Amino acid sequence: MTSHLSRLLRSLNPLFPIRRPPPSSAPAHRCLATAAASTNADDAAAAAEMDETIYVKRPGSAAATRDQTSVTMPMSFMTGSIVGKRFYKEVTTRMADDGNGWTVMLDYRTLKTPSKRPLKLQSLALAKAIAAEWDYQQTDGIRPFTMPLMKLACTALERVPLTRAKIFENLMSKFHQDLVFCRSPSDSDLTIGVHKRQEEKIDPILDWVQSEFGFKPVVYTSFFGGKQDDCLAKSIENVLRETNDFELAAIDAMAAAAHSLVIPLGIFRGRLGIEEAIELIRLEEDLQVDGWGLVEGGHDVDIADLKVQISSATVLLGLSKLT
């Protein structure tokens, strides 16, 4: 299991090489988004544009502990914008105060979610992975788009518990239009090549669905989708309802990126790996690229983003199961 997760983590390295940045010259008590904390006019102008403020205060006396202060990520963290300069030197993990779970520490500050809830993780391995994302941040700015595990963890802790029913409804409403159920026509010279590739790559996944859930999927050629057996849909929904918040957050994130629920469930059940899943998701588009060429700044960016979304969610699934 450990070696498998190591390979998953290494799959993120080409996009997010983990390295420790040089120590920041800014004082540890500096605010992320308070213009008054900077004497530089450019910093003040940038801070004024931010829609959230993080106030960080050093303990007032030597008797104060690291747990008496915390840093709360603003909601802009969830949008991908740069939220400010690095204000900490050391990133560590520690057991939660109640002994149930693990937290991430930025110097003496306990990291919290955007709604000021403790970022308490059940897995030490996941806490260390998120700590590595924070340790990667550079002195000139904290970049949330290099912290996919942090974003997924916040989603699992904050949004999923409040919206589980809505997530089930949304996933199942799109299930009948799943990417793996859509098949190109076989009676056209323009689509026969795509049809054959789909049979080669996707038919084994459809066979797995039948053996795993007991019902044979329906394949269709309409852009508007088709109608799967109600018993198959109910079986899929039952699997979703048995997931915990972290598992559901990962499956939902992958489903949004893949335009498929079957592919994330294949990863969740161990039938698919990251590379195989990405190949299935991009099957038709990769055939177009092979025939017409790759558009720089378009296809390559889409591929990189897809790799991040699928890899990070898969890593979250694996690390959240460890102790």
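All values reported here derive from a predicted model rather than from experimental measurement.

(A) Seen up close, the pattern of salt bridges. Tallied over the full model, the rule gives 15 salt bridges. Between R86 and D135 there is a salt bridge, with the nearest N and O atoms lying 3.6 Å from each other. Taken together, the residues R86 in the loop between β1 (70-72) and β2 (91-95) and D135 in helix α3 (residues 124-136) connect sequence positions 49 residues apart. D97 is paired through a salt bridge with R94; the nearest N and O atoms lie 3.4 Å apart. If you follow the salt bridges from partner to partner, you end up with R197, K201 and E279 in one network.

(B) Just the pairing of β2, in detail. In terms of strand pairing, β2 meets strand β3 (residues 102-106) through five bridges, oriented antiparallel. Across the sheet, M95 pairs through a bridge with W102, a residue of β3.

(C) Focus on the layout of surface pockets. As a volume, the second largest pocket reaches approximately 410 Å³. What lines the second largest pocket is a set of 14 residues, and nearest its centre among them are S184, T191, V194, E284 and Q288. Of all the secondary structure elements, the ones that give two or more residues to the lining of the second largest pocket are α5 (192-213) and α10 (283-292). Looking at the lining of the second largest pocket, the element that brings in the most residues is α10, giving three residues. Across the lining of the second largest pocket, the residue classes break down as seven nonpolar, five polar and two charged.

(D) Representation of helix α4 (residues 148-173) in the model. Given a rise of 1.5 Å per residue, 26 residues ought to cover 38 Å, yet the end C-alpha atoms of α4 are separated by just 26 Å, more than 12% below that figure. In the structure, α4 departs most strongly from a straight axis at T163, where the bend amounts to approximately 80°.

(E) The arrangement of the confidence of the model for the chain in detail. On average, the chain scores 80 in pLDDT, and the residues at 70 or more come to 75%. No element of the chain has a lower mean pLDDT than helix α2 (residues 41-49), at 40, and none a higher one than helix α8 (residues 262-268), at 98. Overall, residues 13-76 carries pLDDT values under 50, and its contacts beyond four positions in sequence, including any with other chains, amount to 129 contacts.

(F) The arrangement of the packing of α5 against α10 in detail. Here α5 crosses α10 at 135°, and the two axes come no closer than 10 Å. When the axis of α5 is compared with that of α10, the two are oblique. The element α5 and its partner α10 pack so that their crossing is right-handed. Between α5 and α10, the contacting residues are V194, R197, Q198, K201 and I202 on the first element and L283, E284 and L287 on the second. Class assignment of the residues belonging to the contact of α5 with α10 gives a composition of four nonpolar, one polar and three charged.

(G) How the structure looks around the pairing of strand β4 (residues 109-112). Examined bridge by bridge, β3 and β4 share two bridges and lie antiparallel to one another. Looking at the pairing, M105 lines up with T110 of β4. Where β3 folds back onto β4 in an antiparallel hairpin, the turn is made up of two residues, including D107, whose phi is positive at roughly 60°.

How each quantity is defined
Position numbers for residues start from 1 in each chain and track the written sequence from start to end. Reporting in this predicted model follows two pLDDT cut-offs: at least 70 for local features of residues, and 80 or more for side-chain atom pairs to be given and counted; totals over whole chains, interfaces and linings ignore these cut-offs and use all residues. Note: side-chain values were computed over all heavy atoms of the structure, leaving out hydrogens and water. Salt bridge, as applied in this entry: a Lys or Arg side-chain nitrogen positioned within 4 Å of an Asp or Glu carboxyl oxygen. Runs of E in the DSSP output that reach at least two residues are strands. Runs of H or I that reach at least four are helices, and both are numbered from the N terminus. For two strands to be treated as a pair, DSSP must find at least two bridges joining them. In this analysis the probe radius is 1.4 Å and the grid spacing 1 Å, with only protein atoms considered; a cavity is a set of points the probe fits into but cannot get out of, a pocket is an open set with protein on both sides within 12 Å along at least five of seven lines, and lining residues have an atom within 4 Å of a point. Grid points are joined across faces, edges and corners, and a volume is the space filled by probe spheres set on the points. Under the convention adopted here, Pro, Cys and the residues Ala, Val, Leu, Ile, Met, Phe, Trp and Tyr are nonpolar, Asp, Glu, Lys and Arg are charged, and Gly plus all remaining residues are polar. Here a helix's expected span is defined as the number of its residues, less one, multiplied by 1.5 Å. Bend is computed residue by residue as the angle between axes fitted to the seven residues ending at the residue and the seven residues starting at it. Predictor confidence is given residue by residue as pLDDT, running from a minimum of 0 to a maximum of 100. Every residue pair with non-hydrogen atoms within 4.5 Å of one another is taken to be in contact. Lines fitted to C-alpha atoms define the axes, with helix axes restricted to the stretch in contact, and inter-axis angles between N-to-C directions lie between 0 and 180 degrees. Angles are sorted into four bins: roughly parallel if under 35 degrees, roughly antiparallel if over 145, roughly perpendicular if 65 to 115, and oblique for all others. Two helices that cross are described as forming a left-handed crossing if the nearer one is turned anticlockwise from the farther one by less than a right angle, and a right-handed crossing if clockwise.

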